[in-house]
Amino acid sequence: MANGTVRYWAAAKEAAGVAEEPFDAETLGDLLAQIAADPRVERVLRRSSFLVNGAPAGTRDPLTIALPEGAVVEVLPPFAGG
């Protein structure tokens with residue numbers, strides 16, 4: 001089990017009510033299950049992409065993405081703009 005930080009951006013930050021928080025999780029899938037317990041956050045997660053230590057998770061199964069100790073996971077909802 002790794003300790004790290006999850007950072008929320010834009011709509012994810014608004015839904016979570018914080019900009020970042022600590023986590024304890026073995027995989028990205030485990031972390032997402034934990035933070036999706038809040039229905040407001042879960043709605044944003046469905047549309048979001050994720051970075052683990054700056055590397056995109058892409059379309060890989062989140063349960064196959066191990067989180068190293070000290071990982072920083074970024075939750076990036078779709079952004080609007082020009």
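In this text the structure is predicted, and so the values were computed from the model without any measurement.

Engineer: Sorry if this is basic, but what is going on with the pairing of strand β5 (residues 72-76) here?
Structural biologist: The side chains of a regular strand alternate between both faces of the sheet. With four of five residues buried, β5 is to be regarded as a mostly interior element. Where strand β3 (residues 49-52) lies against β5, four bridges are found, and the strand directions are antiparallel. Along β5, the bridge assignment pairs L51 with E74.

Engineer: Can you walk me through the environment of E69 in this structure?
Structural biologist: Inspection of the secondary structure assignment puts E69 in the loop between β4 (55-56) and β5. You can call E69 exposed: its relative accessible area is 56%. Between the alpha carbons of E69 and N3 there is a distance of 5.4 Å; along the sequence they are 66 residues apart. A polar atom in the side chain of E69 sits 3.2 Å from the backbone nitrogen of N3.

Engineer: Sorry if this is basic, but what is going on with the sheet that holds strand β2 (residues 20-25) here?
Structural biologist: The pairing of strands in a sheet happens through backbone hydrogen bonds and is either parallel or antiparallel. In space, the five strands of this open sheet follow the order β2-β1-β5-β3-β4, with mixed pairing throughout. Edge strands, defined here as strands with exactly one partner in the open sheet, are β2 and β4. Here strand β1 (residues 2-8) runs beside β5; their pairing, made up of four bridges, is parallel. When the bridges of β5 are listed, Y8 appears paired with V75.

Scoring rules and cut-offs
Residues numbered from 1 in each chain as written. Predicted model: local features only at pLDDT ≥ 70, side-chain atom pairs only at ≥ 80, totals over all residues. Heavy atoms only, no water. Buried < 20%, exposed > 50% of the residue type's maximum accessible area, 1.4 Å probe, protein only. Helix = DSSP H or I, 4+ residues; strand = E, 2+ residues; numbered from the N terminus. Pairing = 2+ DSSP bridges. Polar contact = N/O pair within 3.5 Å; in protein donor to acceptor, adjacent residues only side chain to side chain.

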